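# Descriptive structure summary
Here is how the chains run, residue by residue.
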Amino acid sequence: MTQPVRPSVAIYPGSFDPITRGHEDIVRRTLIFCDRVIVAVGHRATQAKQGLFTIDERVELIKAVFEDEDRVDVAAFSGLLVDFARERNVGLIVRGLRAVSDFEYEFQMALMNRDLHPGIETLFLAPDARYSYLSASLVREITSLGGDMSHFVSPVVQRKLLSKLQST
Ligand code: COA
């Protein structure tokens, strides 16, 4: 009988503008069954929303958040996610499903990615329920209006958010 292959590396792609506790939660859950996670900052499928942080700043923030976790790599990519996965020789994509409303879009992306690259699988993880209504744009908006989001982002992200918002 063929032994199941343990996926040793997964890619966790997203826009991460900025990384939140919800994203951190997905990374940590992935490390339960993977040896390494590549957190990959990509451009949005639709560039409809303007970003707050540059891609480099998002990468630096994710590195800072996981500075004590050497099983996490951080990279930026442009172009197709499946091409990035091929380059890195990774066959597993991880995505969080916060609510049923995420499902249709995520399912569409998973099937399209598999169509583009039949060797790729997408695994969906449920975040901690505390983060099921969290999004990066809500964090940006509420912080910019003086609301406290410190329980939804790491201190380093909170500091950078406040200084970025003051300077824009
Ligand atoms: N906790 C908190 N928030 C979460 C979350 C979690 N676990 N999971 C997702 N979110 C939020 C994000 O913060 C983001 O919020 P925002 O819209 O308020 O900023 C939102 O959900 C969207 O999630 P994100 O992970 O950024 O996904 P995306 O839909 O923007 O897709 C890529 C990003 C990089 C995965 C996608 O654009 C991509 O694959 N691009 C490459 C091009 C490509 O291959 N296209 C073809 C795809 S089939």
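Residues numbered from 1 in each chain as written. Predicted model: local features only at pLDDT ≥ 70, side-chain atom pairs only at ≥ 80, totals over all residues. Heavy atoms only, no water.

Attention now moves to the nonpolar core. V27 and I62 are the most contacted members of the largest nonpolar core, which has 32 residues in total. Among the secondary structure elements, those contributing two or more residues to this core are β1 (9-14), α1 (21-33), β2 (36-42), α2 (55-65), β3 (72-77), β4 (92-96) and α6 (155-167). Sorting elements by how many residues they give to this core places α2 first, with 5 residues. Here V27 is in contact with Y12, V37, V39, F66 and V72, once residues within four sequence places are set aside. By size, the runner-up hydrophobic cluster in this structure holds 12 residues, among which are F77, L81, F84 and V90. (Core = buried A, V, L, I, M, F, W, Y, C linked by side-chain atoms within 4.5 Å. Buried < 20%, exposed > 50% of the residue type's maximum accessible area, 1.4 Å probe, protein only. Helix = DSSP H or I, 4+ residues; strand = E, 2+ residues; numbered from the N terminus. Contact = heavy atoms within 4.5 Å.)

The subject of this paragraph is the pattern of salt bridges. Counted according to the given criterion, the structure contains 13 salt bridges. With a closest N to O distance of 3.8 Å, R28 and E24 form a salt bridge. Remark: E24 and R28 occur in helix α1; sequence separation between them is 4 residues, near one turn of the helix. When the shortest N-O distance is used, the salt bridge between K164 and E57 registers 2.9 Å. Here K164, found in helix α6, pairs with E57, found in helix α2; they are 107 residues apart in sequence, far enough to count as distant. Among the charged side chains, a network of salt bridges with common partners joins D17, R58 and R140. (Salt bridge = Lys/Arg side-chain N within 4 Å of Asp/Glu carboxyl O.)

Two numbers describe how α2 lies on α6: the axes approach to 9 Å, and their chain directions differ by 150°. By the angle between their directions, the pair α2 and α6 is classed as roughly antiparallel. Each of E57, L61, A64 and V65 in α2 lies in contact with α6, whose residues at this interface are V156, V157, K160 and K164. Looking at the contact of α2 with α6, its residues break down into 5 nonpolar, no polar and 3 charged. (Axes fitted to C-alpha atoms, helices over the stretch in contact; angles between N-to-C directions. Parallel < 35°, antiparallel > 145°, perpendicular 65-115°, else oblique. Nonpolar A, V, L, I, M, F, W, Y, C, P; charged D, E, K, R; others polar.)

What follows concerns the packing of helix α5 (residues 136-144) against α6. Relative to each other, α5 and α6 sit at 60°, their axes nearing to 10 Å. The pairing of α5 with α6 is recorded here as oblique in orientation. The handedness of the crossing between α5 and α6 is right-handed. Together, V139, R140, T143 and S144 of α5 and L161, L162 and L165 of α6 make up the contact between the two elements. Across the contact of α5 with α6, the residue classes tally to 4 nonpolar, 2 polar and 1 charged. (Left-handed = near helix turned anticlockwise from the far one by under 90°.)

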